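What follows is the residue order along each chain.
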Amino acid sequence: MSMIGIDLGTTNSLVAYWDKDQAVIIPNVLGEHLTPSIVSVDENGSILVGRIAQERLITHPHLTASTFKRFMGTEKKYTLGAHTFTPAELSSFILKALKEDAEAHLGVEVTEAVISVPAYFNDSQRKATKRAAEIAGLKVERLISEPTAAAIAYGLHQEKPETKFLVFDLGGGTFDVSVLELFEGIMDVKSIAGDNFLGGEDFTEILIAHFLEKHKLELASLDTKTQSALYKQAETCKLALGQETSATMSLTIRDQAYELRLDRTEYEKLAHPLLLRLRKPIERALRDASLSPSDLDAVILIGGATRLPLIKHVIGRMFGRMPYTNINPDETVALGAAIQTALKQRNQALEEIILTDVCPYTLGTSVVQELGNGQLSSGHFFPIIERNTPIPVSRVERLYTVHDNQKRLNVAVYQGESRLVEHNIKLGELQIKIPPAPAGEQSIDVRYTYDINGILEVEVVSVSTGEKKRVVIEQNEGSMTKEQIEARLQELQDIKIHPRDRTENRLLIAKGERLYEEALGERREAIAIAIQQFEKALLTQNDKEIKKATEIFKERLEQMERWMDFS
Amino acid sequence: MSVWDILEINPTGEESAIKKAYAKKLKQHHPEDDPEGYQRLREAYDSALKQAKHIAATPALTVMDEEEAEGAEGDEAWMWQDEDEEWEEEPDETVLPEIQVHPVRRFLEQVEELYEDFPSRIEPDSWKALLDSDVVWDVEHSQSLQDGLISFLEDSHYLPRSVWEVLDQVFRFSADKEALLERYPEYFVEYILRQINGSMELRYDCFRGSAAIDDVDIEEYLYLREEAQEMLGDGELEEAKDLLDTAHEMFADDPDLELMRSKYFLAVGETDQALASLQRVIELRPDDWDGHWHRAQLLHDLQRYEEALADLDVLLQQEPHNSHVLSLAGRCHLGLGQIEETREKMKLSYEQDNTHINTFVYWYMAGNKHFYEQPPLKRADRRKARLHTFYYWAVVFLRMTWLPIILYTLLEVFFDLPAICNRLFILILLWNLWRMIRSERFIST
């Protein structure tokens, strides 16, 4: 039985495993390391994942979902054709595809995984990730923070016995900063900070906004197909600006061509407000770790967005030195997750590294406070586990009644840093009965236990009666009964998933369709004919013929794409 | 059990010894397998590291408890300043190479320079340029730089909102109020956030390119202006008047000051003066929202509806869907007896905001029959209407008197009543008739 490490990213996902003495990325059916985190539903209602879905983002935007990781743990629903999915369910399709890739590569069944999540993911987001894995038929052995995973991969090759470093993780949709220390075979996370709503996608969106503003267009007035095309243009432009000093975005809307040329300095100006947002989490992480930048031995960059020269430049300015770039920002997290699987199984080839992590948020409850004049004021936040406390951890606080003959006490569970609970996130609530007595005489013990996966359990005990109540905080599933969850699981099992062995052919058709949409006139006709011929060949079910047709079709599409670039 | 017992070492000031001991014990209390043991060990380790600093520091500093030790650490960020000041005291400055001036200090000097150059200081772009310097980006200095900047701003805070917004973008004041409150006095934190959200904004565009400000002590003027705003807000009219007068003498082309003057005049009931001030506001800044709005309200109250409507038209060109403006325009039309226009304006306002109470009140008022000319009725209709009115009042009358009537009839049938009863009965009927007429009058008003 094998265990795999999975990096479930906002834009791309990867899977890796521990092969005797090193971590190795498992390629997908197309032979690529990165599988785009995109899900699409085709005409027959079956699910397509990865590169094919990415092609369909342009041709069938209403049947395709991307960047859903940003909404993990929320109530958001995606309607794709006849199906409606939660972000966790969409993620489960990605996980299932990765699982199949791993099984094909390893030749054994895979049922367990270490999955990475952004360090700054909160309780409900972690729960949603766990649930996604369960739907995909994977048992989550550990949820590991992305920066921690990267740190393990980095630390494995460090010769210095003692090193302090900062991991700067700017992924597609989230931004995390972690400060770590490696000593005596211990990987100690000292602090975590971040911004759950800042990522590489934002650097694309500013280009979209700029394009629309320049041409006095409104996003809402464009149909979904044009929107997707614009998104792709912006993405390409963003990447091009990383290589060259200027780039162009062009788009055809209702037979009218729009174009925008942009140089690097202009782009930097546009991105300036986003770059400024990178600072606060860094400052906070360092402050919480009581370190200053000069104490750090290295700054490590992970996440695809850190490839942008813009970001690298700004990091140089913030730390007064260039970041460590000897690692692959896309693959490191997955490799770290794979190393973690080996650590978990206490693999012989690995010198033991013990990992100690912290909780990213302050967790507490709501209490009533007495003001100076004897009046009571409610809604104050009472921290029980402070942020950046090493985990696993368990803390107890005793709370007292405030009214005479109070019959019950309400314990609301909050997460956040504000002094007033209204500004924090409510995770759940539980009630306990207590015998009536004068105010302040009855009390309860509230115990918060935060486990190594970052999942919280709350236990409340009435001191006088010994009555106990306990919850694992589950906010989202709360409204669904066990039967409903089962039924939904069954429904999802019944949805057809496009067979893995036909992925390549399906991808070629999807690509052809995309080129068809992007092309005009004669070229369009030519593509249509090529697709038809290829589909005809597929119908013959003659392997030799299909192989030949595939080669021809592939070449033709490549030609077409090259032409398009010149036009 | 002391932390040292848990770690199984003797108290030491050496960090590496503690780390080694912790690492050794951690293998026994692995966080995966023994959460409780790990928590105990971890707490011991953290506390041992803290104590180690203390122990290591003790020989040098004889008396220093833990808190003081932490305090000294916190002051470290400020150390550079003390050092710099020492330098300045040295007589021969030419010996000092320039690069040795601490970058944060140099930055603060630049801030001061910019602040003193009034025309540049009110331009957000000049702040943007200054705040993009390397030292601002450098995380190493971020805390001391922010501290220095805020303590500078505490004494010199007359800046336009656009500049506060630039500062907010860089230092993200509004995103983390809690962190600010931890370090700086509450009144100033509130002041900063108020400047950023613009709830008490005083504008600076009137100074831009104005030749008149060269002869004015601008800092004094800005001080007077802000004080006056505060006094007006607190209702201290006497103090406000003095401040406003002094400021007005210094510089008369500031629409915001003129607006405050009009508010003062309104508060003391000098309508003509208020109107003149508002007139001046609009001359100075023709599209000024507050100027037109306050003047429209005042003119409406003075029943000068046509003029009020002219002001409101200017506002509606800026914001065609503002409920307050639409509603006031409707009321002006109502004052002029233009019912159709009133209803049209009120309807528009209602579509924007269906909880706007003035809109409701005056909209329904416009429905009052007194505002309509009634067409003459046909004779048959009139007769029918009269008949209905008669039935209506008959029913009302019966509703009030049925009990005495039945009682009287019953008594009359079975008993031979004395004459006084008849009179009493008629009296009751008449009294009720009177009550009915009175109520009819009440209803019709």
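The rules we used
- Residues numbered from 1 in each chain as written.
- Chains lettered and ligands numbered in written order.
- Predicted model: local features only at pLDDT ≥ 70, side-chain atom pairs only at ≥ 80, totals over all residues.
- UniProt positions renumbered as here; feature names shortened; annotations may be inferred.
- Helix = DSSP H or I, 4+ residues; strand = E, 2+ residues; numbered from the N terminus.
- Buried ≥ 20, exposed ≤ 12 C-beta atoms within 10 Å, placed from the backbone.
- Domains from an automatic or database assignment.
- Contact = placed C-beta atoms within 7 Å.
- Nonpolar A, V, L, I, M, F, W, Y, C, P; charged D, E, K, R; others polar.
- pLDDT = per-residue confidence, 0-100.
- Expected span 1.5 Å × (residues − 1).
- Axes fitted to C-alpha atoms, helices over the stretch in contact; angles between N-to-C directions.
- Parallel < 35°, antiparallel > 145°, perpendicular 65-115°, else oblique.
- Left-handed = near helix turned anticlockwise from the far one by under 90°.
- Pairing = 2+ DSSP bridges.
- Core = buried A, V, L, I, M, F, W, Y, C linked by C-beta atoms within 7 Å.

Identification of chain B as J domain-containing protein from Brevibacillus panacihumi is taken from an unreviewed UniProt entry.

Taking an unreviewed UniProt entry as the reference, chain A is identified by name as Chaperone protein DnaK belonging to Brevibacillus panacihumi. Among the UniProt annotations of chain A, the heading Function (unreviewed entry) holds the following wording: "Acts as a chaperone."

A word on the overall build of chain B. On a plain count of helices and strands, chain B comes out with 24 helices and zero strands. With 445 residues in all, chain B has 25% of them scored as buried.

Examined at the domain level, chain B breaks down into domain 1 (3-64), domain 2 (101-197), domain 3 (231-371) and domain 4 (379-444). Computed over C-alpha atoms only, the centres of domain 1 of chain B and domain 2 of chain B are separated by 41 Å.

It is worth spelling out the interface of chain A and chain B at this point. Listed by partner, the interface residues are 28 residues for chain A and 23 residues for chain B. The set of elements that each furnish at least two residues to the side of chain A that touches chain B consists of helix 7 (264-276), helix 8 (279-288), helix 9 (309-319), strand 18 (354-358) and strand 22 (393-400) of chain A. Tallied by class, the residues present in the side of chain A that touches chain B amount to 15 nonpolar, seven polar and six charged.

Moving on, we get to unusual backbone geometry. In the segment running from A:Ile391 into A:Pro392, the intervening peptide bond is cis, with an omega of 0 degrees. Within the fold, A:Pro392 resides in the loop between strand 21 (390-391) and strand 22. The backbone phi angle of B:Arg172 is positive, close to 50 degrees, even though this residue is not glycine. In this fold, B:Arg172 is placed in the loop between helix 11 (161-171) and helix 12 (177-183).

Before going further, it helps to examine the confidence of the model for chain A. Mean pLDDT over chain A: 86, with 96% of residues reaching 70 or higher. Mean pLDDT in chain A bottoms out at helix 11 (residues 482-494) of chain A, which sits at 76, and peaks at strand 4 (residues 35-36) of chain A, which reaches 94.

Domain boundaries assigned for chain A yield domain 1 (2-198 + 277-358), domain 2 (200-274), domain 3 (363-479) and domain 4 (500-566). Taken over C-alpha atoms, the centre of domain 2 of chain A sits 29 Å from the centre of domain 4 of chain A.

Another point: helix 18 (residues 289-301) of chain B. All names here are of chain B. For helix 18, built from 13 residues, the straight-helix expectation of 18 Å at 1.5 Å per residue is met to within 8% by its first-to-last C-alpha distance of 18 Å. In this fold, the buried residues of helix 18 make contact with helix 16 (255-268), helix 17 (271-284), helix 19 (305-318) and helix 20 (323-335). Taken from the residues just after helix 18, Gln-303 is the one with a positive phi, measuring 65 degrees.

This part takes up the UniProt feature "transmembrane region" (unreviewed entry) in chain B. Residues and elements named next belong to chain B. UniProt's entry tags residues 390-411 and 417-434 with the feature "transmembrane region" (unreviewed entry), counted in the numbering of this structure. Regarding residues 390-411, the helix share stands at 100% and the strand share at 0%, and the terminal C-alpha atoms are separated by 29 Å. The span residues 417-434 shows a helical share of 89% and a strand share of 0%, and its end C-alpha atoms are spaced 26 Å apart.

Here we come to the packing of helix 16 of chain B against helix 17 of chain B. Residue and element names in this part refer to chain B. Taken N-terminus to C-terminus, the directions of helix 16 and helix 17 make an angle of 165 degrees; their axes are 8 Å apart at the nearest point. Our classification of the angle between helix 16 and helix 17 gives roughly antiparallel. Every pair of crossing elements has a handedness; the one defined by helix 16 and helix 17 is left-handed. Seen from helix 16, the contacting residues are Pro-255, Glu-258, Leu-259, Arg-261, Ser-262, Phe-265 and Leu-266; seen from helix 17, they are Gln-273, Ala-274, Ser-277, Leu-278, Arg-280, Val-281 and Leu-284.

This part covers the pairing of strand 1 (residues 2-8) of chain A. All names here are of chain A. By the criterion of burial, strand 1 is predominantly enclosed, with six of the seven residues buried. Alignment of strand 1 against strand 10 (residues 110-117), held across six bridges, turns out to be parallel. Looking at strand 10, one finds that Gly-5 is bridged to Val-114. Relative to strand 2 (residues 12-19), strand 1 runs antiparallel, the two being bridged by four bridges. For Gly-5, the partnering residue across the bridge sits in strand 2 and is Ala-16. Remark: three residues form the turn of the hairpin made by strand 1 and strand 2, two consecutive strands paired antiparallel.

One finds A:Ile6, A:Ala16, A:Ile115, A:Ala334 and A:Ala337 to be the most contacted residues of the largest nonpolar core, which totals 164 residues. Among all residues touching A:Ile115, those that are not within four sequence positions of it are A:Ile6, A:Leu8, A:Thr129, A:Ala133, A:Val140, A:Leu143 and A:Ala337. Among the nonpolar cores identified, the runner-up in size contains 34 residues, and B:Ala228, B:Leu259, B:Leu275 and B:Cys332 belong to it.

Considering the arrangement of structural elements, one finds B:Leu429 in helix 24 (residues 419-444). Each C-alpha atom, one on B:Leu429 and one on B:Glu340, is 46 Å from the other, the two residues being 89 residues apart in sequence.

Next up on the list: helix 2 (residues 87-106) of chain A. Residues and elements named next belong to chain A. Helix length check: helix 2 (20 residues) gives 29 Å between terminal C-alpha atoms against 28 Å at 1.5 Å per residue, within 8%. Counting buried residues along helix 2, 15 of its 20 residues qualify, which places the element largely inside the surrounding structure. Backbone geometry just after helix 2 places Gly-107 at a positive phi near 75 degrees.

Residues and elements named next belong to chain A. Strand order in the open sheet made by the four strands is 20-19-23-24, with antiparallel pairing throughout. At either end of the open sheet lies a strand with only one pairing partner, and these are strand 20 (376-385) and strand 24 (425-433). Each adjacent strand pair in this sheet contributes to an overall mean axis angle of 35 degrees, direction not counted. Where strand 19 (residues 363-370) lies against strand 20, seven bridges are found, and the strand directions are antiparallel. The residue of strand 20 that forms the bridge with Gln-369 is Ser-377.

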